[in-house]
Amino acid sequence: MQLREEILKEHSKAQCTKIVEWIGDSQERFDQLFNLFLTDEYRVVQRAAWPLSYCSIAHSSLIYKHFGKLIRNLHKPSIHPAVKRNTIRLMQDLKIPEKYHGELMDICFTYIASTDEAVAVKAFALTVLQNLAKLYPDILPEIKLVIEDRWDHETPAFKSRAKKILKGTG
């Protein structure tokens, strides 16, 4: 398979599934996808994000060697919302390496407090923070504060995730 060409062929669930199945648990194929995700042109990066998240969720061991690059990528100022959304989505289901906990918390707090961030990014960021709060319960008051501050300005998707977190904080 010519991965780049397949990514550009069409943007659909079926095409995403085809790419994910082709990659399977192959580190070499996953690395090809990850390199396209980080280094290629805008459209390829955007479209590579979807199968990257699905591969990472299905075979979490594939992403760990790239975790530093994945986090650094979230700091790019012009990052596409699809890249943020799929990156934060895959982090909901991963055991985050400890050395990235603080940086990832900062990123997620920035996302949920933003007035301009996409709703899906915020919802996934809330879940990542909720997961990290199990290890760092001291962040719960800050999560609660941001949720309460943003409540009147947020969408039903944000509020749904936020309610689950607030319910758990007592």
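The following refers to the structure shown. Remember, it's a predicted structure, so these values are computed and weren't measured experimentally. (Residues numbered from 1 in each chain as written. Predicted model: local features only at pLDDT ≥ 70, side-chain atom pairs only at ≥ 80, totals over all residues. Heavy atoms only, no water.)

Brief notes about the environment of Val45
Argument step 1. For Val45, the location among the structural elements is in helix α4 (residues 42-58).
Argument step 2. Along the backbone, Val45 and Glu28 are 17 residues apart, and their C-alpha atoms lie at a distance of 18 Å. (Helix = DSSP H or I, 4+ residues; strand = E, 2+ residues; numbered from the N terminus.)

Quick notes on the packing of helix α2 (residues 13-23) against α4
A packed helix pair is summarised by two numbers, namely the angle formed by the two axes and the spacing between the axes.
Argument step 1. α4 packs onto α2 with a crossing angle of 50° between their chain directions and a minimal axis gap of 9 Å. Our classification of the angle between α2 and α4 gives oblique. Once α2 is placed against α4, the crossing between them reads as right-handed. Two secondary-structure elements touch here, α2 through Lys13, Cys16, Ile19, Val20 and Ile23 and α4 through Trp50, Pro51, Tyr54 and Cys55.
Argument step 2. Class assignment of the residues belonging to the contact of α2 with α4 gives a composition of 8 nonpolar, no polar and 1 charged. (Axes fitted to C-alpha atoms, helices over the stretch in contact; angles between N-to-C directions. Parallel < 35°, antiparallel > 145°, perpendicular 65-115°, else oblique. Left-handed = near helix turned anticlockwise from the far one by under 90°. Contact = heavy atoms within 4.5 Å. Nonpolar A, V, L, I, M, F, W, Y, C, P; charged D, E, K, R; others polar.)

Structural notes on the packing of helix α6 (residues 81-92) against helix α8 (residues 119-133)
Argument step 1. With their axes 9 Å apart at the nearest point, α6 and α8 run at an angle of 25° to one another. The pairing of α6 with α8 is recorded here as roughly parallel in orientation. As for the relative orientation of α6 and α8, their crossing is left-handed in sense. Residues Pro81, Lys84, Arg85, Ile88, Arg89, Met91 and Gln92 of α6 touch α8, and the partners they reach there are Ala120, Val121, Phe124, Ala125, Thr127, Val128 and Asn131.
Argument step 2. Taken together, the residues of the contact of α6 with α8 break down into 8 nonpolar, 3 polar and 3 charged.

Concerning the pattern of salt bridges
Argument step 1. In total, this model carries 7 salt bridges according to the counting rule given.
Argument step 2. Salt-bridge contacts for Arg4 lead to Glu41; the nearest nitrogen and oxygen are separated by 2.3 Å. Linking Arg4 in helix α1 (residues 3-9) with Glu41 in the loop between α3 (27-39) and α4, this pair joins segments that are 37 residues apart in sequence.
Argument step 3. Classification of Arg4 as partly exposed rests on a relative accessible area of 27%. (Salt bridge = Lys/Arg side-chain N within 4 Å of Asp/Glu carboxyl O. Buried < 20%, exposed > 50% of the residue type's maximum accessible area, 1.4 Å probe, protein only.)

Points about α8
Argument step 1. The terminal C-alpha atoms of α8 lie 21 Å apart, and with 15 residues this matches the ideal 21 Å at 1.5 Å per residue to within 8%.
Argument step 2. With 11 of 15 residues buried, α8 lies mostly within the body of the structure.
Argument step 3. Those residues of α8 that sit buried are Val121, Lys122, Ala123, Phe124, Ala125, Leu126, Thr127, Val128, Leu129, Leu132 and Ala133. (Expected span 1.5 Å × (residues − 1).)

As for helix α9 (residues 140-150)
Argument step 1. Looking only at α9, the buried set comprises Ile143, Val146, Ile147 and Arg150. In an axial view of α9, the angular spread of the buried residues amounts to 100°, which keeps them on one side of the axis. Every exposed residue of α9 that faces more than 90 degrees away from the buried side is listed here: Pro141, Leu145 and Asp149. (Arc of directions from axis to C-beta.)

Here we look at the nonpolar core
Argument step 1. Phe37, Ile88, Met91 and Leu104 are the most contacted members of the largest nonpolar core, which totals 56 residues.
Argument step 2. Here this core takes 8 residues from α8, the largest share from any one element.
Argument step 3. Dropping the residues within four chain positions of it, Leu104 is found in contact with Ile71, Ile88, Met91, Ile96, Val128 and Leu132. (Core = buried A, V, L, I, M, F, W, Y, C linked by side-chain atoms within 4.5 Å.)

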